[in-house]
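Breakdown of the fold
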Amino acid sequence: MQRKLTPYILLVPQILLTILFMIGLVTGITQSLGVIPAFGLTEPTIMYYKEVLTQPDLLKSALFSLKIAFSSALLSTAAGVWLCALLVLSRRTKGKMMRIVQLPIIVPHVVVALFVINICSQNGLLARSCYCLGIISEQQEFPMLIYDSHGFGIIIAYLWKEIPFIVYFVIALMANIDGKLGEAAVNMGANRVQTFFRVTLPLCMPTICSGFLIIFVFALGAYELPFILGATMPKALPVQAYIQYTHPNLRNRPYAMALNGIIIVISLVSAWVYFRLMRKNLNKLTNKRLGE
């Protein structure tokens, strides 16, 4: 009897967290539609979404967040796959090398932001090194890599954190494919580069795309790095949402929830794409096993 009940008992914390999450999600969506009885707002409306999507500052914030999220995800995925390929081809997919590669994953984003400031700012290590080497005549000539309107500092921080995540996410599958189908392709006359691009990489693409989507959604909704490393204008969507949420006028609360609603919609679309990719990959594996 106890053994039968154990799985359900273990599920209780997850169920409670799911309930709390759903309550928060429903409350946020309701408030984004302007329904907050405590503030005298009782009529649902999409006015707040319209204003968010038409106000120049908020629209720039949305485009800025999308640009940062897409650029970070794309560059991290490309660099992570390239590093994965090097590790697989050199047979260094285990041991100390992998521990070194995975180290940035456990470092908090706030600490990464401090690293980027100390290294990439105009008073940082790179600027001082360039000044000492005579590359620039004064430190202020060093390019603005942080607090800039293009979000270079934010992207650099995400690259440092997310490239190892892609490696960790993909390398097991890539090593397994290279060790089986890759060896078969080599035995049939293909070289290692041809094997990687024609066999290993195509078979890894669903997992790589999944990793890209995970990073994209995370970067889109993350608050710490855009807040610490971002420019005064434009601000990222999560930062704008926090500003609206903490506004002295409580009737601004629906604007914050509308901004969060936009992030939720984009995240749900990405989750749907992720689900489709995983389902397609699972169907391929199932059909392959049935064929065998």
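Use the structure listed above.
First things first, this report covers the structure right here in the doc. (Residues numbered from 1 in each chain as written. Predicted model: local features only at pLDDT ≥ 70, side-chain atom pairs only at ≥ 80, totals over all residues. Heavy atoms only, no water.)

**With respect to the overall build of the protein chain**
Helix and strand counts for the protein chain come out as eleven helices and zero strands. Each helix (α) and strand (β) of the protein chain, taken in turn from the N terminus, gives the series α-α-α-α-α-α-α-α-α-α-α. Each of the 292 residues in the protein chain was classed as buried or not, and the buried ones make up 38%. For the protein chain, restricting intrachain contacts to residue pairs at least 6 apart in sequence, the fraction spanning at least 24 positions comes to 70%. Looking at the protein chain as shown, the accessible area adds up to about 17,600 Å², and 69% of this sits on carbon and sulfur atoms. (Helix = DSSP H or I, 4+ residues; strand = E, 2+ residues; numbered from the N terminus. Buried < 20%, exposed > 50% of the residue type's maximum accessible area, 1.4 Å probe, protein only. Contact = heavy atoms within 4.5 Å. Areas by Shrake-Rupley, 256 points an atom, 1.4 Å probe, with all protein chains shown as cover.)

**Some details on the nonpolar core**
When a protein is soluble and globular, its nonpolar side chains tend to lie buried together. M174 and L229 are the most contacted members of the largest nonpolar core, which has 62 residues in total. Once residues lying within four places of it in the same chain are set aside, the contact partners of M174 are V81, C84, A85, V88, F196, T200 and C204. (Core = buried A, V, L, I, M, F, W, Y, C linked by side-chain atoms within 4.5 Å.)

**Things to note about the packing of helix α3 (residues 56-89) against helix α10 (residues 237-245)**
Across the interface, α3 lies against α10 with an axial gap of 8 Å and an inter-helix angle of 140°. The orientation of α3 relative to α10 falls into the category oblique. Where α3 abuts α10, its residues D57, L58, S61, A62 and S65 lie against L237, P238 and Q240. When the residues that make up the contact of α3 with α10 are grouped by side-chain class, the tally is four nonpolar, three polar and one charged. (Axes fitted to C-alpha atoms, helices over the stretch in contact; angles between N-to-C directions. Parallel < 35°, antiparallel > 145°, perpendicular 65-115°, else oblique. Nonpolar A, V, L, I, M, F, W, Y, C, P; charged D, E, K, R; others polar.)

**Some details on the packing of aromatic side chains**
A complete count under the given rule lists six aromatic pairs for this structure. Measuring from ring centre to ring centre gives 5.5 Å for F165 and F169, while their planes differ by 25°; the resulting arrangement is stacked. With F165 and F169 both in helix α7 (residues 152-187) and four residues apart, this pair spans about one turn of that helix. Pairing F212 with F216 gives two aromatic rings, centres 6.4 Å apart and planes at 15°, and the pair type is stacked. A residue pair is termed a helical-turn pair when its members lie 3 or 4 positions apart in one helix, as F212 and F216 do in helix α8 (residues 192-221) at four residues. The buried category is assigned to F216, whose relative accessible area is 10%. (Phe/Tyr/Trp six-rings, centres within 6.5 Å; stacked < 30°, edge-to-face > 60°.)

**Comments concerning a nonpolar patch on the surface**
Together, L5, Y8, I9, L11, V12, I15, L16, L17, I19, L20 and I23 give the surface a local cluster of nonpolar side chains, amounting to about 1,100 Å² of exposed area. Tracing the sequence through the fold places Y8 in helix α1 (residues 2-32). The class of Y8 is exposed, set by a relative accessible area of 59%. (Patch = residues over 30% accessible without salt bridge, like charges linked within 9 Å, V, L, I, M, F, W, Y side chains within 5 Å. Salt bridge = Lys/Arg side-chain N within 4 Å of Asp/Glu carboxyl O.)

**So, helix α5 (residues 109-120)**
Every α-helical turn comprises 3.6 residues, leaving residues that sit three or four positions apart pointing alike. With twelve residues, α5 extends 16 Å from end C-alpha to end C-alpha; this agrees with the ideal 16 Å at 1.5 Å per step. Of the positions making up α5, those classed as buried are H109, V112, A113, V116 and C120. All buried residues of α5 project into a common sector of 105° when viewed along the axis, lining one side. (Expected span 1.5 Å × (residues − 1). Arc of directions from axis to C-beta.)

**Quick notes on unusual backbone geometry**
Most peptide bonds take the trans configuration, and most residues that are not glycine carry a negative phi. Although it is not a glycine, Y147 adopts a positive phi angle of roughly 60°. Mapped onto the elements, Y147 comes out in the loop between α6 (125-132) and α7.

**A short note on the side chain of E162**
With respect to the helices, strands and loops of the structure, E162 is situated in helix α7. The side chain of E162 is buried and forms no salt bridge, while K161, the nearest opposite charge, is found at 6.2 Å. (Lys, Arg positive; Asp, Glu negative; His and termini not counted.)

**Details of the packing of helix α2 (residues 47-54) against α3**
α3 packs onto α2 with a crossing angle of 75° between their chain directions and a minimal axis gap of 5 Å. In terms of orientation, α2 and α3 fall into the roughly perpendicular class. Between α2 and α3, the contacting residues are E51, V52, L53 and T54 on the first element and P56, L58 and L59 on the second. Classifying every residue of the contact of α2 with α3 by side-chain character gives five nonpolar, one polar and one charged.

**Considering the environment of L213**
Inspection of the secondary structure assignment puts L213 in helix α8. Along the backbone, L213 and S270 are 57 residues apart, and their C-alpha atoms lie at a distance of 6.2 Å. Discounting chain neighbours no more than four positions away, the residues touching L213 are S270, V273, Y274 and L277.

**Remarks on the side chain of D148**
Within the secondary structure, D148 sits in the loop between α6 and α7. Lacking a salt bridge, the buried D148 has K67 as its closest oppositely charged neighbour, with an N-O distance of 7.1 Å. Here H150 takes part through its backbone nitrogen, which lies 3.1 Å from a polar atom of the side chain of D148. (Polar contact = N/O pair within 3.5 Å; in protein donor to acceptor, adjacent residues only side chain to side chain.)

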